[in-house]
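# Structural overview
Letter by letter, the chains look like this.
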Amino acid sequence: MVKTVFATLACLVLYGILIVPFTEYLHNRPFDEKMGYIPSVTALRIVAADHKELVAASLVSKVLMYFGGLSVKNENDILPILPDYKRMSGILHGAVKLDPYNMDAYYFAQSFLTWDVKQYKLANDLLDYGMKYRTWDWMLPFFAGFNSAYFMKDYPKAAEYYKRAGELSGSELHFSLAGRYMQESGQTELAISYLSAMEKGERNPAVKKNYQIRLSAFKEAHRIELARDKYRQERKAEPATVEQLVRAGYLTPAPVDPYGGTFYLTPDGKVATTSKFAFGGKKDNSQNDGESHERN
Amino acid sequence: MNAIETVSLSKQFTGKKRARVEALKQLDLQVAPGEVFGFLGPNGAGKSTTIKLIMGLLRPTSGSASIMGMDVAQAASRRVVGFLPENPAFYDYLSAEEYIRFVGSQFNMDASLLNRRTEEVLKRLDLWEARKRQMRGYSKGMVQRVGLAQTLVHDPEVYILDEPMSGLDPIGRALVKEIILDLKKRGKCVFFSTHITDDVEKVCDRVGVIVQGQLRALDSVENIMRSGIEGYLVQTRQHVGNQAALQEFKAIRSNEQFVEYLVPVAQFQEFMALVGESSVEITLLETKRRDLEAFFLDIVENGKSA
Amino acid sequence: MKTIVAITLKGIFRDKVFQGIMVTALMFLFIPIFASLSMRQVTELTITLSLSLISFILLLLSVFLGGTSLWKDIERRYTFSVLGLPLSRRSYLLGRFGGTALFVIIAASVLGIAAFCVVAYSSSIYPSDRPIVWGSMILCILFDALKYILLIAFAFLLSTVSTSFFLPVFGTIAMFVTGGVTQQVYEYIHSPASKTLSPFLKQTATALYYIIPNFGAFDLKLYAIYGLPLPANGLLMTSAYFVVYVGLLLSVSSSIFTRREMR
Ligand SMILES: Nc1ncnc2c1ncn2[C@@H]1O[C@H](COP(=O)(O)OP(=O)(O)OP(=O)(O)O)[C@@H](O)[C@H]1O
Ligand SMILES: [Mg+2]
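In this convention, every chain numbers its residues from 1, walking through the sequence in written order. Think of it this way: whatever chain is written first is A, whatever ligand is written first is 1, and the rest follow in order. Residues qualify for local features only when their pLDDT is at least 70, as the model is predicted, and side-chain atom pairs are given and counted only at 80 or more; totals for whole chains, interfaces and linings, by contrast, use all residues. Only hydrogens and water are removed before side-chain values are computed, so all heavy atoms of the structure are retained for them.

### Side note on the coordination of the magnesium ion (ligand 2)
Ideal donor angles around a metal are set by the shape: a four-donor tetrahedron calls for 109.5 degrees, a six-donor octahedron for 90 or 180 degrees. Donor atoms (N, O, S) are those found within 2.8 Å of the metal centre, with the cutoff raised to 3.2 Å for Na, K and Ca; water is not part of the atom list, so apparent gaps in a site can occur. Within the protein, the atoms that donate to the magnesium ion (ligand 2) are B:Ser48 (OG) and B:Glu86 (OE), at distances of 1.9 to 2.1 Å. Of the two residues, B:Ser48 sits in helix 1 (residues 47–54) while B:Glu86 sits in the loop between strand 6 (81–84) and helix 2 (96–106), which places them 38 residues apart along the sequence. The numbering of helices and of strands both runs from the N terminus, where a helix is a DSSP run of H or I of at least 4 residues and a strand a run of E of at least 2.

Right under this line is the structure:
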């Protein structure tokens, strides 16, 4: 009896000693390890049996939790850790193969595939796939329309998507967007309205934060645009730099890029930033494949 | 019509590695209605096998069996039977009362009769106090009592009991004997297996002895008892009459008061004639016989050597 | 037979299986919390999780109750006493099966009610864009229950030929997995992607497809979760399939069980 009690106590003490480093270890494991091995979708379909929707949801939530965990870490670190977007995208694609109706997967993929990864084609293909199933959902064409117009500059296609979104939602806004995207002007404003709408409807803190950062960057860009226009109007001249606008008193306080970049004016007078509106943009310029990160 | 009848009933078990056991060989048996039949045999003789065959739990390798003229392959043949299996087990999550009611309902008893009979049999088998408890809490003997109760509840014509006394205390054994005698009085047929010859002697009309799957003896208890008489013990008073006349019969015991003789059956007449002539006084006369136990042991010994 | 059904149900309840289910069902309480992690489909996720939880519990029930019911009766020697009653083996088997199936339906109903409460609660906090089609949910749970009843019938068939519980329990699990993918394998085999496979393999697989129960047809989760219109014709056909297949399994089981020796 005494022996058993002693053994139990000893085990408890050992457990107490072990649990702290154990938790620490698990907490700091890199993404790949944390995700564990994710088998091929075909294998998953078989294993999932009649729980495909559940498995799909759990894949999405794994990605979401990973993303949420990273953004918390970034909060405390000076140097942000770049999420493994490629892997995230792969898993979300797997999820919609299991459950083609899973809106979270489309929604979340849209939130990073465009601005952060610049895979517009991939994003729209995914949305097209989703539209085949979620035939009632106006959001998918709404996203696709935004991507077509804003990133891919494919205005006829964008108008088509927006028309569809309008038909599904019955909202005038979407029809009018279809019209507005026919021209290239006012894109910053439209991005702001898109982002504001997305941010408002978002409940996931990590994704919401993402939208908030982007929104604030665009608001800053918009402020510079307004200052530039005012400068042009009053001085009848083109401002050369952003600093010039600040010094002349058109831009107070000075704009801050939440992505850590610096705003500048391109030779044709558009507002741009060295961060290209993405974390890590400064480090990796090669990702600039044909995207116009400049604002008029 | 026989209550129970078997016609060259045989059973062969095929065990692992094709090992064959001939558990029962060509059993022909008729048990009449109203008869109490004791089925005796050593362990592994084939008693339970026979009973399972009669109850349709096993299928015969050859031969057939019937109850009240109905082939045992039909479930309906069991309508007239109260059956107690060897070391019985009943749904242990039920209480004795629930189980007895369940059994009654299988015999389509109507509710009021079932109520009355349930109470009767539970009281008779001394389970009344425990009737509401789940059977998983019952002792071995209590379960055996439930087993007996469930054979009685629907008051069938035929009782087939595999070792009804096993696991019971002396009071329980006496009770079972009493119940069987009672059934006999009411003209029911009871067929039961046992190892205990004393039980058979007290309650059975007929007895069958089975050894290694073969029926070795089948006779009425009365006949067996009679054929078992070895002779007579005669006690005479010492110094009375002419003891010398009995000289040719050897005294087995002799003291100050008595002289005792063991007289074989064949010589009894002659002995008694001599007693009359010599005015010897008889104080006690006793039949000397082998009891059923000895009879049984003999058969088993012969059976084994055969 | 009715009494055997009643006795079977009583046994399951007295073995505290229902309490066990209720403990597992406590997981329903965590569903709204977990579902609220979803960005765009809290209600859909709540329904997904609830239906999967129900399905999982019913699977455990059918494997363990179905796979051990007859085995336990034989192992504990209950069959000697019960089959000594004027009761045909067939009614005994059907009664046992009926009781187990009925319990699955009872459990599904109770769990279904719990699921409804959870979904109603979740959707009251985060209203969903899609209408919640309660009827589809009921049908989904019902067909789930039917699927597991079919599985129980299969477990009974295995129990009638086996002397241990390994074959019924593991055989039932294997059948559940196979029955879940048979449709996909069939479709793969009849698609151009399988050109390289040998014709013999294809024929074997096709033959198996017709023999093995098809559980895929009973899965209505997608319809219930996203409120999609239910295929009435398909449901009718699935119901007929259920009746015929269970009838077949049970008649084979009872003829085997009738011949079986109680040693
Ligand atoms: N299921 C079985 N498989 C193989 N052999 C069996 C089986 N059941 C019984 N036997 C064999 O049949 C023979 C008769 O057994 P049975 O149970 O009928 O004996 P019994 O007379 O009832 O003995 P006991 O007095 O010990 O109850 C034995 O040799 C036994 O080993
Ligand atoms: Mg025996």
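Next, the rest of the story.
### Side note on the pairing of strand 8 (residues 189–194) of chain B
The two faces of a sheet get side chains in turn, since along a regular strand they alternate between them. All names here are of chain B. The buried label goes to any residue with under 20% of its type's maximum accessible area, the exposed label to any with over 50%, and the partly exposed label to all in between, with areas taken from a 1.4 Å probe on protein chains only. Burial within strand 8 is extensive, with six of its six residues counted as buried. With burial as the criterion, each face of strand 8 is covered, one bearing Cys-189, Phe-191 and Ser-193 and the other bearing Val-190, Phe-192 and Thr-194. In terms of strand pairing, strand 3 (residues 36–40) meets strand 8 through five bridges, oriented parallel. Paired with Phe-39 across the bridge in strand 8 is Ser-193. Pairing geometry for strand 7 (residues 158–162) and strand 8, over five bridges, is parallel. What sits directly across from Tyr-159, in strand 8, is Val-190. For crossovers, right-handed means that the path from the first strand over the helix to the second runs clockwise, given strands pointing away from the viewer. Read as a crossover between parallel neighbours, the route from strand 7 over helix 5 (residues 170–185) to strand 8 is right-handed. Note: two strands are recorded as paired if DSSP finds a minimum of 2 bridges between them.

### Observations regarding the UniProt feature "transmembrane region" (unreviewed entry) in chain C
UniProt annotation of "transmembrane region" (unreviewed entry) refers to residues 17–37, 49–71, 91–121, 133–159, 165–186 and 238–257 of chain C when read in the numbering used here. Segment residues 17–37 of chain C splits into 67% helix and 0% strand. End C-alpha atoms: 32 Å apart. UniProt positions are given in the numbering used here, feature names are shortened, and annotations may be inferred rather than shown by experiment.

### Thoughts on the sheet that holds strand 3 of chain B
Strands pair in a sheet through their backbones, by hydrogen bonds, and they do so in one of two ways: parallel or antiparallel. Residue and element names in this part refer to chain B. The strand order across the open sheet formed by six strands is 6-7-8-3-9-10, and the pairing between neighbours is mixed. Both edges of this open sheet fall to strand 6 and strand 10 (214–220), since each of them pairs with a single strand only. Put simply, the sheet's adjacent strands are angled 15° from each other on average, direction ignored. Any two residues whose heavy atoms approach within 4.5 Å are treated as being in contact. Lines fitted to C-alpha atoms define the axes here, with helix axes fitted over just the stretch in contact, and angles between the N-to-C directions of these axes take values from 0 to 180 degrees. Running at roughly 145° to strand 7, helix 1 makes contact with strand 3, strand 6, strand 7, strand 8 and strand 9 (206–211) of the sheet. Each of strand 3, strand 7 and strand 8 touches helix 5; the most contacted strand, strand 8, lies at about 150° to it.

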